[in-house]
Every structure is written in structure tokens, then in C-alpha cells.
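Below, each chain spelled out in residue letters.
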Amino acid sequence: MTKHSRRRATPPLEIDTLRTRDGHCVSFAVAGAEDGVPVAVLHGGPGSGSQPGALRLFDLARFRVVLIDQRGTGASTPHGSIRHNRTDHLIDDLEAIRTRLGFERWGVLGGSWGAALALAYAGQHPQAVSGVVLRGLFLTSAREVRDLFVRSRRRAPHAASRLCTAARCAWPTALFTRCHAALQDGTDPARQRAVALAWRNYEEAVLGRADARQDRSAAAGSPRDTRKLIGKYRIQAHYLAHRCWLGENRLLQLARSAAAAGVPLAAVHGTRDPVCPRGNLRRLARAVPAAQVEYVRGAGHLASDPALHESVARALETMFGSSAHEGRIARRAA
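Here the residue index of a chain counts from 1 through its sequence in written order. Restriction of local features to residues with pLDDT of at least 70 applies here, the model being predicted, together with a cutoff of 80 or more for giving and counting side-chain atom pairs; totals for whole chains, interfaces and linings are based on all residues. Note that the side-chain values use all heavy atoms of the structure and ignore hydrogens as well as water.

(A) Geometry of the overall build of the protein. We count a stretch as a helix when DSSP gives it H or I for four or more residues in a row; a strand needs E for two or more, and each element gets its number in order from the N terminus. What the protein contains, in helices and strands, is 11 helices and 8 strands. In this scheme, a residue with accessible area under 20% of its type's maximum is buried, one over 50% is exposed, and one in between is partly exposed, where area comes from a 1.4 Å probe on protein chains only. Scored against the burial criterion, the 334 residues of the protein give a buried share of 56%. We call two residues contacting when some pair of their heavy atoms lies within 4.5 Å. Considering only contacts in the protein between residues 6 or more positions apart, those separated by 24 or more positions represent 73%. Summing over all exposed atoms, the protein offers an accessible surface of approximately 15,200 Å²; the carbon and sulfur share of this is 50%. Here the Shrake-Rupley method, with its probe set to 1.4 Å, supplies the accessible areas, and only the displayed protein chains count as covering residues.

Next comes the structure, spelled out in C-alpha cells:
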């Protein structure tokens, strides 16, 4: 049993909602010690929604963890909406939530797309960020999106074929464009359902977490589950089609800006990540030589990977553990 698996059971989440001026309700949940070191957790996707399992990365007796459902995801509403939904709005939401919670600064943990969002946020608001920990860095490049729909087909040829059929696409190079078009509002609901299901099965096959029976199945569960799945991939397609309003060069420049302002950066990346190339970590290290980077041998992309989980938990302790200890000493002295 590792030290991280011995941590106490997760307490109930405190749920709150940020209502924006442009019609979104952004849901967020808070857990951990009221006087703990604050850390915001940014989920991937885009479109996936937060996962309470992320709390297992933290000692909740010493941390105050904020799980945020980005616009249109998870419990945020309107679900699946791409209206007023882009990266600059998400960054504004983070600042509004930080202010609502009364944190002068907080740490940020982001995985995959969440890692890109964490760097963009820290680069634009370094005064609000005490440190950034990244897992499976996505650099929002056109190259990565192309590889996901073209090169990754070799990892999941049957699931890729079914996605092409659902999207009515004959050429792999046009697959993403066809998926994006199929998931827009106003498209035939049956086609949206078929594309969302096939995209999910393709994604899971590439990641290596779908069994053969699930991959052959077209079942999505309840109508509510189907609507959530369509919303997830509508948002993901919307962001990927615009390179998340960032792109690799701008994102790395924002990482440099954050580091130059004194924000420490740490990143861990699985050597067998099938979605985000391991070369992304080299690119970050060249842009920000002071960043602490770690390759996790044999690990993949998912946060549930045991080796990756342990490495991220260690990075969080290294980045913020001393702050938690110093805070406790100060509170005792007071």
C-alpha cells in the first residue's frame, strides 16, 4: 500500500455555481481543509467534465481542492453549448471562481487539454498562480489533431472504420472535419448520436481502455447519457477546430511568460501516451528550461494509470507540500 492510497476517505463536495453575464452557469466543487493550500483542477477533453477521482491525488487534510466543470461540461449549463464558449472565456471563469472563493493565489493542476488551459491561464494571470502541475501535455497544435484522426487509426482500425461510416467520410484526412460538422446544432439527431458513439469508441480503443465487446456495441445507455455524450464531443470538436484559440507557439510563449513571472512549472508525461506525443515535453523543456519535467516509463495518457497517478501526486507534494506545512506552522503560531 502506497502512502497515497492510505489517505482518508473523500469528504462531501461543496457544490457552487458561477453565473456568467453571457448565459452560462459554471459548476464547481470544493473539497478538503478550509485552510488548506488551494489548488484548481482543470479537466481534459475539451468537453469531458471534472472527475471526483482527481481528489485521490491530494492529502485533503492539507489541501483545498477545486474541481471545475468548464463551460458546457459536467454539471455546467447549458450542457454541450458552444455559444460564448472559448478559451478566453474559460480563463475569465477561473479568475471569477478564484475571486469568489477568496484565494489570493492558487495552484493549478491540469491534464491533457487541462494542461494546455493551465499554461494559458498561468501565462495570462501569473500573479494569481502559485504553481502549475501538468499531466500528459497537449500543445493544441494542428499536428496533434491530425495525428489523432489519421496516424492513430493504426491503433484502432476497426473503431476508426466505424467512425468513418458514422461521419459519412471516405478519406481519413477529412474525418475530423466531417465529425465536427455532424455534431453541430441543427444536424440530424440520429447522425449526431451515431458520430458521438463512434467517436467515444474510437477514443477508448486508441487509449486502450475499451474491451472488444464494448467497441462492437452501439449502445450508449439512457437518452440523457446520449445527450451528454453528444455535448461532450460537440465541445471537443469546437475547440479542436480552432486549435483551442491557442496553438503551439502561443501556448509555449504563455508558458515562458508564466515562468518569467516566477510561476514554477512541473510536468509528467507517460512514455507510451498514445494521444499527446512525448515530444511535447521536450518542447516545453526547451521553451522553459526551469520547468521540472518527468517521463513516466511505460505509462499511458489516462490519469487512472497507476504509475502516472503516483508521479502526479509526487509532483503536487513537491510543488505545494512545503506551502501546506508552512501554512500549518503559521496558523499554530497565530
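What follows continues from the structure just given.
(B) Summary view of the packing of helix α9 (residues 248–260) against helix α10 (residues 279–287). Where α9 meets α10, the closest approach of the two axes is 9 Å, and the angle between their N-to-C directions is 50°. The angle between the axes of α9 and α10 places the two elements in the oblique class. As α9 runs across α10, the sense of the crossing is right-handed. Here Glu-248, Leu-252, Ala-255 and Arg-256 of α9 lie close against α10, whose contacting residues are Arg-283, Leu-284 and Ala-287. Residue classes follow a fixed rule: Ala, Val, Leu, Ile, Met, Phe, Trp, Tyr, Cys and Pro count as nonpolar, while Asp, Glu, Lys and Arg count as charged, and any other residue, Gly among them, counts as polar. In terms of residue class, the contact of α9 with α10 is built from 4 nonpolar, no polar and 3 charged. The angle between two axes is taken between their N-to-C directions and runs from 0 to 180 degrees, where each axis is a line fitted to C-alpha atoms and a helix contributes only its stretch in contact. Angles are sorted into four bins: roughly parallel if under 35 degrees, roughly antiparallel if over 145, roughly perpendicular if 65 to 115, and oblique for all others. Throughout, a crossing is termed right-handed when the near helix is turned clockwise from the far one, and left-handed when it is turned anticlockwise from it by less than a right angle.

(C) Quick peek at α9. By definition here, a helix of n residues has an expected span of 1.5 Å times n minus one. With 13 residues, α9 extends 18 Å from end C-alpha to end C-alpha; this agrees with the ideal 18 Å at 1.5 Å per step. Within α9, burial applies to Glu-248, Leu-251, Leu-252, Leu-254, Ala-255 and Ala-258. The buried side chains of α9 occupy one side of the element, clustering within an arc of 155° when seen end-on. For α9, the exposed residues set more than 90 degrees away from the buried face come down to Asn-249 and Ala-260. Tucked inside the fold, the buried residues of α9 contact α2 (113–124), α3 (142–149), β7 (265–270) and α10. Directly after α9, the chain includes Gly-262, whose backbone phi takes a positive value near 95°. Directions drawn from the helix axis to the C-beta atoms are what define this arc.

(D) Broad picture of the sheet that holds strand β5 (residues 106–111). Should DSSP find at least two bridges between two strands, the strands are regarded as paired. Spatial ordering of the open sheet is given by β1-β2-β4-β3-β5-β6-β7-β8, a layout of 8 strands whose pairing is mixed. In this open sheet, the two edge strands, each paired with only one partner strand, are β1 (14–19) and β8 (292–296). Averaged over all adjacent pairs, the angle separating strand axes in this sheet is 20°, with direction ignored. In the packing of α10 onto the sheet, contacts are made with β6 (129–135), β7 and β8, and the angle to β8 comes to roughly 165°.

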